[in-house]
Amino acid sequence: MIKHLKINLVFLSFFFLSSGAFAAGDNLTWEDCIREAARNHPDLIAAGEEVKQSEAGKSIAASALFPQVDASLAATTAKTASGDTNDNYSYGMTGQQLIFDGTKTVQDVKAALEDINASKQNFKYASVTVRYNLRSAYIRLLKAQESLKITEEIYEIRRSNLELITLRYESGLEHKGALLTAEADLASANYQVLQAQRNLEVAQRRLTKEMGRKQFTPVFVKGDFEVRSKGEGKPDFEAIAQNNPSLRKISAQENSAAFSLKSAYANFSPELLGQAGAGKSSAHWPPENDDWNAGLTLSVPIFEGGLRLAQVSQAKAYLNQIKENKRSI
């Protein structure tokens with residue numbers, strides 16, 4: 001009897017020591033998981049930064065439509081062959097305004113606007129993917145928690161059964177085969193508990209990852225699994241496809257590529273700039289002589305080694321690539 005009691009105590013001590021590691025941790029609802037993932041998930045953060053980049057890119061492209069103003073301050077000295085020293089001081093402001101460039105800048109701005117739309121659709125797609133993975137991890141952890149409870153209950157039942165059979169065996173009312181079977185059942189139940197604990201930790205780690213936590217901490221979830229949609233009726237697959245963020249993203253990229261191609265063609269047009277400047281200069285400080293200038297600058301590309309033709313060819317190929325990617329999606 002002492003032998004069997006030792007076996008039983010070993011099972012009990014190992015079981016309680018193993019389950020103690022899972023006794024503490026955060027107890028989260030589905031809404032808690034969503035809020036934490038929205039703040040910390042790296043895919044969402046990266047997609048949000050991509051939106052900011054595209055918005056900054058639009059501002060960069062549109063900046064060429066506004067006046068470009070610079071201020072300057074200069075002080076120079078030079079020694080001539082006769083040994084005299086000439087000093088010169090000047091300060092002033094110059095301005096430049098784009099008047100015409102064949103709508104190149106306008107097309108660049110339109111392309112940048114489509115890039116913003118594409119990055120926003122990419123953020124929606126990332127959000128959908130994160131929510132799906134988070135929901136799957138949440139449900140898996142719910143299942144693991146319930147599975148651990150069930151295996152623990154089975155363990156307690158088989159432990160009680162072994163105690164009863166041990167007493168009956170010691171009193172001669174039960175044969176040894178029943179005792180060995182009860183011990184094997186308890187060992188199997190203990191293994192199932194340990195397996196359920198490992199499954200629980202795996203589910204906890206997956207949920208921790210999907211919430212965007214940088215370090216693993218034991219977490220538990222509370223709630224019920226509810227199927228909100230019964231799936232009655234045939235879905236409108238055309239509408240689903242048209243509203244899918246992946247398709248909307250590639251459509252925006254197609255529009256952006258089309259505007260980029262127009263910009264490449266407009267790059268062959270002359271560029272007309274208006275320029276003006278005013279300032280003071282003299283050989284002494286502060287400068288006393290007034291200087292000013294105003295005029296127009298017209299530049300026409302004549303030969304650049306095929307640069308602009310290559311840019312058009314590149315833009316065409318990119319547009320065709322995007323069209324085929326869209327068809328694939």
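In case you missed it, the structure is sitting above this.
The rules behind the values
- Residues numbered from 1 in each chain as written.
- Predicted model: local features only at pLDDT ≥ 70, side-chain atom pairs only at ≥ 80, totals over all residues.
- Heavy atoms only, no water.
- Helix = DSSP H or I, 4+ residues; strand = E, 2+ residues; numbered from the N terminus.
- Rg over C-alpha atoms; globule rule 2.2 N^0.38 Å.
- Buried < 20%, exposed > 50% of the residue type's maximum accessible area, 1.4 Å probe, protein only.
- Contact = heavy atoms within 4.5 Å.
- Lys, Arg positive; Asp, Glu negative; His and termini not counted.
- Charge placed at Lys NZ, Arg CZ, Asp CG, Glu CD.
- Polar contact = N/O pair within 3.5 Å; in protein donor to acceptor, adjacent residues only side chain to side chain.
- Phe/Tyr/Trp six-rings, centres within 6.5 Å; stacked < 30°, edge-to-face > 60°.
- Lys NZ or Arg CZ within 6 Å of the ring centre and 35° of its normal.
- Core = buried A, V, L, I, M, F, W, Y, C linked by side-chain atoms within 4.5 Å.
- Pairing = 2+ DSSP bridges.
- Axes fitted to C-alpha atoms, helices over the stretch in contact; angles between N-to-C directions.
- Parallel < 35°, antiparallel > 145°, perpendicular 65-115°, else oblique.
- Left-handed = near helix turned anticlockwise from the far one by under 90°.
- Nonpolar A, V, L, I, M, F, W, Y, C, P; charged D, E, K, R; others polar.

(A) Focus on the overall build of the protein chain. Helix and strand content of the protein chain: 8 helices and 6 strands. Here the protein chain has a C-alpha radius of gyration of 37 Å; the compact-globule value for 329 residues is 20 Å, and the former is much larger. Over its C-alpha atoms, taken along the principal directions, the protein chain stretches across nearly 130 × 60 × 35 Å. Split into buried and exposed, the 329 residues of the protein chain put 31% on the buried side. Of the contacts formed within the protein chain by residues at least 6 apart in sequence, a portion of 77% connects residues at least 24 apart. Taking the 39 positively charged and 38 negatively charged side chains of the protein chain as two groups, their mean positions are separated by 6 Å.

(B) Region of interest: the environment of serine 54. Mapped onto the elements, serine 54 comes out in helix α3 (residues 42–62). Taking C-alpha positions, serine 54 is 82 Å from serine 171, a pair spaced 117 residues apart along the chain. Residue contacts for serine 54: discarding those within four places in its chain leaves Ala112, Asp115, Ile116 and Ser119. A distance of 2.7 Å separates a polar side-chain atom of serine 54 from the backbone oxygen of valine 51.

(C) Examining the packing of aromatic side chains more closely. As enumerated under the stated definition, the model contains 3 aromatic pairs in all. With centroids separated by 6.0 Å and ring planes inclined at 65°, the aromatic side chains of tyrosine 89 and tryptophan 285 adopt a geometry described as edge-to-face. Of this pair, tyrosine 89 sits in strand β3 (residues 85–100) while tryptophan 285 sits in the loop between β5 (271–282) and β6 (289–299), placing them 196 residues apart in sequence. Take tryptophan 285: its relative accessible area is 53%, and that puts it in the exposed class. A connected cluster of aromatic rings, assembled from ring pairs, spans Tyr89, Tyr91 and Trp285. For the cation-ring pair, arginine 135 lies above tryptophan 30, with the distance from its terminal atom to the ring centre recorded as 4.7 Å.

(D) Up close: the environment of glutamate 50. Take glutamate 50: it is sitting in helix α3. A sequence separation of 83 residues divides glutamate 50 from asparagine 133, and the C-alpha atoms of the two residues are 21 Å apart. Every residue in contact with glutamate 50, bar those within four places of it in the chain, is listed here: Ser119 and Asn122.

(E) Spotlight on the nonpolar core. The biggest cluster of nonpolar side chains holds 32 residues, and the ones touching the most others in it are Cys33, Leu134, Tyr138, Leu141, Leu207, Met211 and Val221. Looking at this core, the elements with two or more residues in it are α2 (30–40), α3, α4 (104–170), α5 (176–211) and β4 (219–221). For this core, the element with the highest residue contribution is α4, accounting for 12 residues. Dropping the residues within four chain positions of it, valine 221 is found in contact with Asn27, Leu28, Cys33, Tyr138, Leu141, Leu142, Gln145 and Leu207. Counting residues in each nonpolar core, the second largest holds 6 residues, with Leu261, Val312, Ala315 and Leu319 among its members.

(F) Structural view of the pairing of β5. Alignment of β3 against β5, held across 11 bridges, turns out to be antiparallel. Across the sheet, glycine 95 pairs through a bridge with alanine 276, a residue of β5. Two elements, β5 and β6, share 11 bridges in a ladder whose sense is antiparallel. When the bridges of β6 are listed, lysine 280 appears paired with aspartate 290. Linking β5 back to β6 in an antiparallel pair, the connection comprises 6 residues.

(G) Up close: the packing of α4 against α5. In contact at an axis separation of 7 Å, α4 and α5 are set at 160° when each is read in the N-to-C sense. When the axes of α4 and α5 are compared, the pair comes out roughly antiparallel. Between α4 and α5 the crossing geometry is left-handed. A per-class count over the contact of α4 with α5 returns 23 nonpolar, 13 polar and 9 charged.

(H) Up close: the pairing of strand β2 (residues 68–79). With 0 of 12 residues buried, β2 lies mostly on the surface of the structure. In this sheet, β3 lies alongside β2 in antiparallel orientation, the contact comprising 12 bridges. When the bridges of β3 are listed, alanine 78 appears paired with asparagine 86. Hairpin connection of β2 to β3: 5 residues between the antiparallel strands, including glycine 83 at a positive phi of 95°.

(I) Looking closely at the environment of serine 282. Tracing the backbone through its elements, the reader meets serine 282 in strand β5. On a C-alpha basis, the gap between serine 282 and aspartate 87 in space is 8.2 Å, while along the polypeptide they are 195 residues apart. When neighbours within four sequence positions are excluded, serine 282 is seen to be in contact with Asp87, Asn88, Tyr89, Pro287, Glu288 and Asn289. A polar side-chain atom of serine 282 sits 3.4 Å from the main-chain amide nitrogen of glutamate 288.

(J) View of the sheet that holds β5. In spatial order, the strands read β2-β3-β5-β6; together these 4 strands make up an open sheet with antiparallel pairing. Unpaired on one side and paired on the other, β2 and β6 mark the two borders of the sheet. Taken pair by pair, the neighbouring strands of this sheet meet at an average axis angle of 20°, ignoring direction.

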